[in-house]
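# Coordinates in review
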Amino acid sequence: MTVSHVDGNRAGGILAQAFGRDVTDATGVCAWCGHRHVLAECHVYDQAPGIVMRCPICGNVEMVIVEVRTEVRVSLRGFRYVNIA
Ligand SMILES: [Zn+2]
């Protein structure tokens, strides 16, 4: 089975809920391959219980977003860092 992805803008709404504003233009550096890119370029897989955002170059997981009851939990483990202006 092939699982398709959409671009990072698809996660814009839930990211805005977590960070208080649109952060799809924020820049992150992949912890796996070092590629610097805006969050909108991530490959988003949203057909699971949470949203998984993968590096557009190496395909490793950079961010996982899960809604738990009234909270939004964000793991940024796959980024070295994210710059939010
Ligand atoms: Zn990467």
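Quick note: structure is the one above.
Small disclaimer: the values here were computed from a predicted structure and weren't measured.

About the cut-offs
- Residues numbered from 1 in each chain as written.
- Predicted model: local features only at pLDDT ≥ 70, side-chain atom pairs only at ≥ 80, totals over all residues.
- Pairing = 2+ DSSP bridges.
- Helix = DSSP H or I, 4+ residues; strand = E, 2+ residues; numbered from the N terminus.
- Axes fitted to C-alpha atoms, helices over the stretch in contact; angles between N-to-C directions.
- Contact = placed C-beta atoms within 7 Å.
- Buried ≥ 20, exposed ≤ 12 C-beta atoms within 10 Å, placed from the backbone.

## Focus: the sheet that holds strand β3 (residues 36-38)
Taken in spatial order, the 3 strands make up an open sheet running β3-β2-β8, and their pairing is antiparallel. Across the chains shown, the open sheet's two edge strands, defined by having one partner strand only, are β3 and β8 (79-83). Recorded for the sheet is a direction-independent mean angle of 25 degrees between the axes of neighbouring strands. Pairing geometry for strand β2 (residues 27-30) and β8, over 4 bridges, is antiparallel. By the bridge assignment for β8, G28 is matched with V82.

## Re the sheet that holds strand β6 (residues 61-68)
Read from one edge of the open sheet, 5 strands run β1-β4-β5-β6-β7, paired in antiparallel fashion. Edge positions in the open sheet fall to β1 (6-7) and β7 (71-75), since each of these has one partner strand only. Relative to β6, strand β5 (residues 51-54) runs antiparallel, the two sharing 4 bridges. Bridge assignment links I51 to a residue of β6, and that residue is I65. Sheet contacts for helix α1 (residues 12-19): β5, β6 and β7; angle to β7, the most-contacted strand, approximately 100 degrees.

## Quick look at the environment of R80
With respect to the element layout, R80 can be found in strand β8. With 13 C-beta atoms packed within 10 Å, R80 lands in the partly exposed category. Separated by 43 residues in the primary sequence, R80 and H37 place their C-alpha atoms 12 Å from one another. When sequence neighbours within four positions are dropped, the list of residues in contact with R80 reads V29 and A31.

## So, unusual backbone geometry
For R69, which is not glycine, the phi torsion reads 50 degrees and is therefore positive. In this fold, R69 is placed in the loop between β6 and β7.

## A few points about the pairing of β7
Across 5 bridges, the pairing between β6 and β7 is antiparallel. Looking at the pairing, I65 lines up with V74 of β7.

## Describing the environment of D7
Residue position: D7 is located in strand β1. Each C-alpha atom of the pair D7 and G20 lies 20 Å from the other, and the pair is 13 residues apart in sequence. Every residue in contact with D7, bar those within four places of it in the chain, is listed here: A40, E41 and V44.

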